[in-house]
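Secondary and tertiary structure notes
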Amino acid sequence: MTSLTNTADAAIPELAGHQRRLLIAGGVGAAVSLAGLFFDVRQFLQSYLMAYMLCLGVTLGCLALGMVHQLSGGAWGVVIRRPIGAAARVLPVMTLLFLPIAFGMNRLYGWTNADLVAHDEALQHKHLYLNTPFFLVRAAVYFLVWNGLSYFLNAWSLEQDRTAEPRLARRMQRLSGGGLLAYGLTITFASFDWLMSLEPHWFSTIYGVLIVGGQGLSALAFLTAALVWLSRRPPLNRIVVPAHFHDLGNLMLAFVMLWAYFSFSQYLIIWSGNLPVEISWYLHRLQTGWRAVGLTLILFHFSAPFVVLLSRRAKREPDLLVKVAIGILIVRLIDLFWLIAPEFHQNGIFVSWLDVVLPLTLGSIWLACFIRQLRGRPLLPVHDPEFESALGRIIERGAPPRTAH
Amino acid sequence: MKGPSPLYGLMAEFDDVSSLVLAAERAYGEGYRCLDAYSPFPIEQLHEALGSHHTRLPLIVLIGGLCGCLGGYALQYWSSALAYPLNIGGKPLHSWPAFIPVTFECTILAAALSAVLGMLALNGLPMPYHPVFNVPRFALASRNRFFLCIEAIDPKFDVEATRRFLETLNPREVNTVAD
Amino acid sequence: MADSLQPVEDPSRAAAIRTPAVIAPGHTFGTVTDKISAIVLARKTPLGWYAGFGTAMFFTLLLLVSLTYLVLTGIGIWGNNIPIGWAFDITNFVWWIGIGHAGTLISAILLLLKQTWRTSINRFAEAMTLFAVACAAVFPVFHTGRPWLAYWLVPYPNTMNLWPQFRSPLIWDVFAVSTYATVSLLFWFVGLIPDLATLRDRSQSPVGRVIYGMLAMGWRGSAHHWHRYETAYLLLAGLATPLVVSVHTVVSFDFAVSIVPGWHTTIFPPYFVAGAIYSGFAMVLTLAIPIRAVYNLEDFITMRHLQNMAKVMLVTGLIVAYGYLTEAFIAWYSADRYEGFVPLNRMIGPYAFAYWALIFCNVVVPQALWLKRVRTSVPVLFIISLIVNVGMWLERFVIIVTSLHRDYLPSSWGLYSPTFWDWSTFVGTIGLFLSLLFLFLRFLPMISIFEMRTILPEARVGE
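Residues numbered from 1 in each chain as written. Chains lettered and ligands numbered in written order. Predicted model: local features only at pLDDT ≥ 70, side-chain atom pairs only at ≥ 80, totals over all residues. Heavy atoms only, no water.

Digging into the interface of chain A and chain B
Across the boundary between the two partners, chain A contributes six residues, which contact seven residues of chain B. Across the chain A to chain B interface the summed buried area is about 620 Å²; carbon plus sulfur atoms make up 82%. A per-residue breakdown of the area chain A buries against chain B is headed by Phe264(A), Tyr267(A) and Trp271(A), which together make up 68% of the total. Here chain A and chain B share zero salt bridges between them. For the pair chain A and chain B, the number of links is two residue pairs in polar contact (both at pLDDT 80 or more). Counted by class, the side of chain A that touches chain B contains four nonpolar, two polar and no charged residues. (Contact = heavy atoms within 4.5 Å. Buried area = accessible area lost by both parts, 1.4 Å probe. Salt bridge = Lys/Arg side-chain N within 4 Å of Asp/Glu carboxyl O. Polar contact = N/O pair within 3.5 Å; in protein donor to acceptor, adjacent residues only side chain to side chain. Nonpolar A, V, L, I, M, F, W, Y, C, P; charged D, E, K, R; others polar.)

Things to note about the packing of aromatic side chains
Counted according to the given criterion, the structure contains 84 aromatic pairs over all chains. Between Tyr38(B) and Phe138(B), the aromatic rings sit 5.2 Å apart at their centres with planes inclined by 85°, giving edge-to-face as the arrangement. Of the two residues, Tyr38(B) is situated in strand β2 (residues 35–38) and Phe138(B) in the loop between α4 (96–123) and β3 (146–151); the sequence distance between them amounts to 100 residues. No difference in accessibility class separates Tyr38(B) from Phe138(B), as the two residues are buried. Taken together, the aromatic side chains of Phe88(C), Trp95(C), Trp96(C), Tyr351(C), Phe353(C), Trp393(C), Phe397(C), Tyr416(C), Trp423(C), Phe426(C) and Phe433(C) make up a single cluster linked through ring pairs. Its guanidinium or amino end placed over the ring of Phe134(A), Arg138(A) lies 4.4 Å from that ring's centre, counting from NZ or CZ. One residue, Arg33(B), lies across the ring of Tyr28(B), its end atom 3.8 Å from the ring centre. (Phe/Tyr/Trp six-rings, centres within 6.5 Å; stacked < 30°, edge-to-face > 60°. Helix = DSSP H or I, 4+ residues; strand = E, 2+ residues; numbered from the N terminus. Buried < 20%, exposed > 50% of the residue type's maximum accessible area, 1.4 Å probe, protein only. Lys NZ or Arg CZ within 6 Å of the ring centre and 35° of its normal.)

Section: the confidence of the model for chain C
All names here are of chain C. On average, residues of chain C carry a pLDDT of 87, and 95% of them reach 70 or more. Predicted confidence for residues 1–18 stays below pLDDT 50, and this span has 32 contacts to residues more than four positions away or in other chains. Scoring of the predicted complex yields 0.92 for pTM and 0.91 for ipTM. (pLDDT = per-residue confidence, 0-100.)

Observations concerning the interface of chain B and chain C
Often the size quoted for an interface is simply the accessible area lost on bringing the parts together. Contacts between chain B and chain C engage 65 residues on the former and 58 residues on the latter. Here chain B meets chain C over a buried area of about 5400 Å², counting both sides, of which 70% is carbon and sulfur. Counting the surface chain B buries against chain C, the share from its top three residues, Pro42(B), Glu105(B) and Arg143(B), is 12%. Summed over the shared surface of chain B and chain C, the number is zero salt bridges. The interface formed by chain B and chain C holds 19 residue pairs in polar contact (both at pLDDT 80 or more) in total. Only α1 (17–29), β2, α2 (44–49), α3 (57–83) and α4 of chain B provide two or more residues apiece to the side of chain B that touches chain C. Examining the composition of the side of chain B that touches chain C, we find that 18 residues originate from one element, α4(B), more than from any other. Classifying every residue of the side of chain B that touches chain C by side-chain character gives 45 nonpolar, 15 polar and five charged.

In structure tokens:
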């Protein structure tokens, strides 16, 4: 049992090297994309917003999944509890990385333009909500809530590792209940502020739910990939069994279906109503070159992962599952591209080199921070009240060979 | 005019789950292949112990679901776009978004029907008569007793030898099952 | 079991972490079987059952009278008229369908999530689903005015060259609700087969043996059968889960694909589904609490069940509240005067009492469930569940009536008030629901016997 309480750094020495390499890659990417900032500020900000929302989605999705697991329990969560915590602890960095959006908001959001608002009755009506100071105050509140949740959950979890105090589990549960409520509300309004208001006339009440679903899916895909990687190294190679992947695969399947369900519901309702202010959002996406992106989403954000994840074999085969997970992360980026980019290029599809470089850059930086956070703590929460019932039998017996079905 | 009734097999009765699973494993290991175990609730290991393989049911359900999916869509396309074209709200005759809900429902309906009918068919149910019911104590198979039956058609079956073998498994009792 | 992650349900452990077990200690295969089947196989029917069934039948007769009068006279006997073309009928339809959803949720989703606490409540929750769907179906069928022509809703080759309009959400309803009824029936019946075999083997009366025997179809508990049975049951659960979501989604489309302000909003599908589960769990609690008391089933329907259902109610109630919030916010944010008018009209218009009562019942009262003291108090839970049932009915009433009574054109505004026959039909369906439930309690095992056996400690191999 002693080796289970070693920190990740001691168990997997190569983590430090990966962190360094990722940081260098992130630095190079940042230098290259800064060049883009000089050519086209607007394009830079637009691509940055997309890359940022993906990384934020993984971070917050992990935070939310962690809180869900505190409340629901289940063996699926025990083995990914530590990656979840590490991802949530990237939040302070994500807070800093929001600054370019805050500084660039005048170029991103049309409603910041006083001339435009002066000639638009609808925007004048919305000015009470869509104005620069209130936007910044709201953003500050969101980050305060998210950082607060992440801070306390992680601090208590660290204390649990040290003291094995059973009351901490109850305290974490209690915070998670209110925390999920706070997450749901903040992310809804954050998605209205940061994404929906890119087209300030358009509105959709399901938008927040759609973003929540997307964040959950991003986080699950990331965690699946992380678990596959960790399961090949000590100490998780003795712990993780195909059933863990099966559970994660099922959860990904559920979220793929949820995403499709939310997206289709929004489309069907707006398509049927066909009201000018609502349908315009789809018109410049579906009657221009952007249509190709829409079709890509139907095929690769829904059909392909859905069909693959239906198969029991695929969910229990880590080599295959990791490919699905990485594919899902890529289509998550394409989905954000679909939400953001057409607002800036209404006449037809346009892909900038920054749309590729910035996600890679932010992704590398994020991953480096994640690894840094992962290294400091053990990879398993041995004092979690559920640890024994979830993994006790596997540890006693020694995990069966992973190829077994 | 009661002659000796033909034999269906020999049935051993057990008190608990573990004995039945062990007995099934032993009987299979002994080389018996025509055998079945009866229990008042599903036991995952039992099925493996009897050496049977995966069921074809998921495939049947998949095919059923696909038929429902295509059938549901075709029904709507045919009636809305071909047989009875009507201009509704200026929407195109072939309006795929509006066809999704019914297509989905048809998929689920056909798949669910295939699951239930497929399960019953593969299990050979309904079956009003089966020899195992001739053993009076078998009524407890739906309460709290566990039974292992080695059938007479098994090539290795021999009334005396098989009974002796079953007696070694610590059963509560061994009964002959009339056909 | 080589790599199953099924958590170990260990009574001593459950006590250590202070959560009540899903089954009281000390039970064996025999006692579980005997206790549940005895309710069905008892020769003497308890007097209380006759009293309850009699009362329920009285209201069922009221339903028959109301429907007979409706068919003889026409739907003019109801209060709905243009502009409020839908009122009590659709409110009741959506309410009943929603109630049914908890049954499917408990049996399917909780099975997929490997929640063992579903076991003792799934059977009667599924029965509740079937009866609720039956009650729901009464309303649209009779609202057609000519229910004997209701089969025109189904596409079939006919000499009249008559085809349903597949772009109307009402035809989606026909498919969704009939699929839902069929699949729920299949799910329920498949779950019953092994228990019917138990009743067949234990029944003392020849008639009972024959009837249960026919229904059990010769089930004998063979290991090969169990394997396919479990596969089929899991597949059905996998199919029923998206189905239950789709049914209330289609119900929400009835409203959302129109352009009526207050109906046409994209949050409707998930928010209706959450509302359905919310009201369904409230109804399961409303029924489970008296049933466990009357039939002494506290060993099987433990505090753990009641607490978990309370938690599900709290979560779904919060999702519903989230729906109200985004709806109201976006109505303002849209800068559309008709959209913006809807929440105002709900809050201070002629139906303001219904709106505020709904907020009280659905949003304010359930917040008490945050407290563990409330979740563990049976009478308080019972009262909250009743309040939520009322609140969810009011929600549908508010959505339907307040949106219709004042839409775009002030010259065509109107008011709706229910007539005696509106009420009698609604109350009558409650009678029908309870009558069916009483029959079910008397003639079929209300708790899945074979699944209860699987959660006993002695069901584990090698111990």
